[in-house]
Amino acid sequence: MAAGGGSLCDTSILKIENSGWYTDVAGKMWVVGELSNISSSDRLLPQLCISIRSPAGEHIERRYAGPLLLRAGERVTFSTLIENPPPGEDFSLSFAAISQPADTDSALLATVYRDLKVTASVRPNPDDKEADVYGIVTNIGGLTANNIFVVVGLYNAQGALVGVAKGKVSSLETLDPGATLTFTLASSQLSQSTTTFSTTLFVEGQISKETNSQ
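The following paragraphs examine the structure supplied in this document. These figures come from a predicted structure and were not determined experimentally. (Residues numbered from 1 in each chain as written. Predicted model: local features only at pLDDT ≥ 70, side-chain atom pairs only at ≥ 80, totals over all residues. Heavy atoms only, no water.)

**A few points about the overall build of the protein**
We apply this condition: Only DSSP runs of H or I covering at least 4 residues are called helices, and only runs of E covering at least 2 are called strands; the numbering of each starts at the N terminus. Only C-alpha atoms enter the radius of gyration, while the globule expectation follows 2.2 Å times N to the 0.38, with N the number of residues. Each residue is placed in one exposure class: buried if its accessible area under a 1.4 Å probe, protein chains only, is under 20% of its type's maximum, exposed if it is over 50%, and partly exposed if it falls in between. Note on contacts: a residue pair is in contact if any heavy atoms of the two residues lie within 4.5 Å. Note on areas: these come from Shrake-Rupley sampling with a 1.4 Å probe, and a residue is covered only by the protein chains present in the view. In this tally, Lys and Arg are treated as positive and Asp and Glu as negative; His is ignored, and so are the chain termini. Every charge is mapped onto a representative atom, which is NZ of Lys, CZ of Arg, CG of Asp or CD of Glu.
Assigned secondary structure in the protein consists of 2 helices and 14 strands. Taking 17 Å as the expected radius of gyration for a compact globule of 214 residues, we find that the protein reaches 18 Å, a close match to that expectation. With respect to the three principal axes, the spread of C-alpha positions in the protein is 60 × 45 × 30 Å. Counting the 214 residues in the protein, one finds 44% classified as buried. In the protein, of all internal contacts separated by at least 6 residues, the share reaching a separation of at least 24 is 72%. Of the accessible surface of the protein, which amounts to about 10500 Å², a share of 49% is contributed by carbon and sulfur atoms. Within the protein, one finds 15 positive and 22 negative side-chain charges whose respective centroids are separated by 2 Å.

See the structure below:
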């Protein structure tokens, strides 16, 4: 079935690089890449548009990239799972993105909290083509935060993105100014068994309602 509305997604504002896909042993397709805001303005709710073309037609899978806010010049790695890829090898993928100008939802923008510092180390599991990421988030600002979201891009020695570890490391729990939080994230299936990684780190939280009520 041909996808409709594809023109709603483009790459004039958000640029996708270092993207790729691979199929795991269960037949599920993983897609990874880097999403950059190449505009001069902040953007909200960046969303991926993954166009899958096969002899049966074309359809678009839409996925939120992860962060609420992608600032001008900022970059985040992403991973997503395509549960039912086309059978066989005769298909192709292309990528685009869509987002909202930051001033379209001032209430949401006001909740985003970035005064956070994250450090992380990677422990590979070569037999399972996975990696575990162990890290610490520190609240270096003056407000209490929650809903803290961390993304760790995993790169091989040649600089190719081979996997992404991501997730909320704090949801209902709050992180007070000066406090730290330890976390563990499991990566997506890696595109190759790699034992030495370089990483990129992204962290975002929201201002706790407890702070807003004071």
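Once the structure has been displayed, the description carries forward.
**With respect to the sheet that holds strand β9 (residues 116-125)**
For the record, the criterion: Two strands are said to pair when DSSP picks up at least two bridges between them. Think of each axis as a best-fit line through the C-alpha atoms, taken over the contacting stretch in the case of a helix, with angles from 0 to 180 degrees between the N-to-C directions.
In spatial order, the strands read β9-β10-β13; together these 3 strands make up an open sheet with antiparallel pairing. Among the strands making up the open sheet, the edge pair consists of β9 and β13 (180-186). Recorded for the sheet is a direction-independent mean angle of 15° between the axes of neighbouring strands. Across 7 bridges, the pairing between strand β10 (residues 130-139) and β13 is antiparallel. Residue Asp-132 lies in a different strand from β13, and its bridge partner there is Ala-186.

**Thoughts on the pairing of strand β3 (residues 43-54)**
The element β3 is extensively covered by neighbouring structure, given that 9 of its 12 residues are classed as buried. By the bridge criterion, 2 bridges tie β3 to strand β5 (residues 69-70) in an arrangement that is antiparallel. Bridge pairing links Arg-43 to Leu-70 in β5. One ladder, built from 9 bridges, connects β3 with strand β7 (residues 92-101); its direction is antiparallel. Directly across from Gln-47, in β7, lies its bridge partner Ile-98. Both β3 and strand β4 (residues 57-64) contribute to a ladder of 8 bridges, which runs antiparallel. For Ile-52, the partnering residue across the bridge sits in β4 and is His-59. Remark: 2 residues form the turn of the hairpin made by β3 and β4, two consecutive strands paired antiparallel.

**What about the environment of Ser-12?**
When you line up the elements, Ser-12 lands in the segment before β1 (14-23). Separated by 83 residues in the primary sequence, Ser-12 and Phe-95 place their C-alpha atoms 12 Å from one another.

**Examining the pattern of salt bridges**
Filter applied, for reference: Definition used for salt bridges: Asp or Glu carboxyl oxygen within 4 Å of a side-chain nitrogen of Lys or Arg.
A complete count under the given rule lists 7 salt bridges for this structure. Glu-61 is the partner of Arg-63 in a salt bridge, and the nearest nitrogen-oxygen pair spans 2.9 Å.

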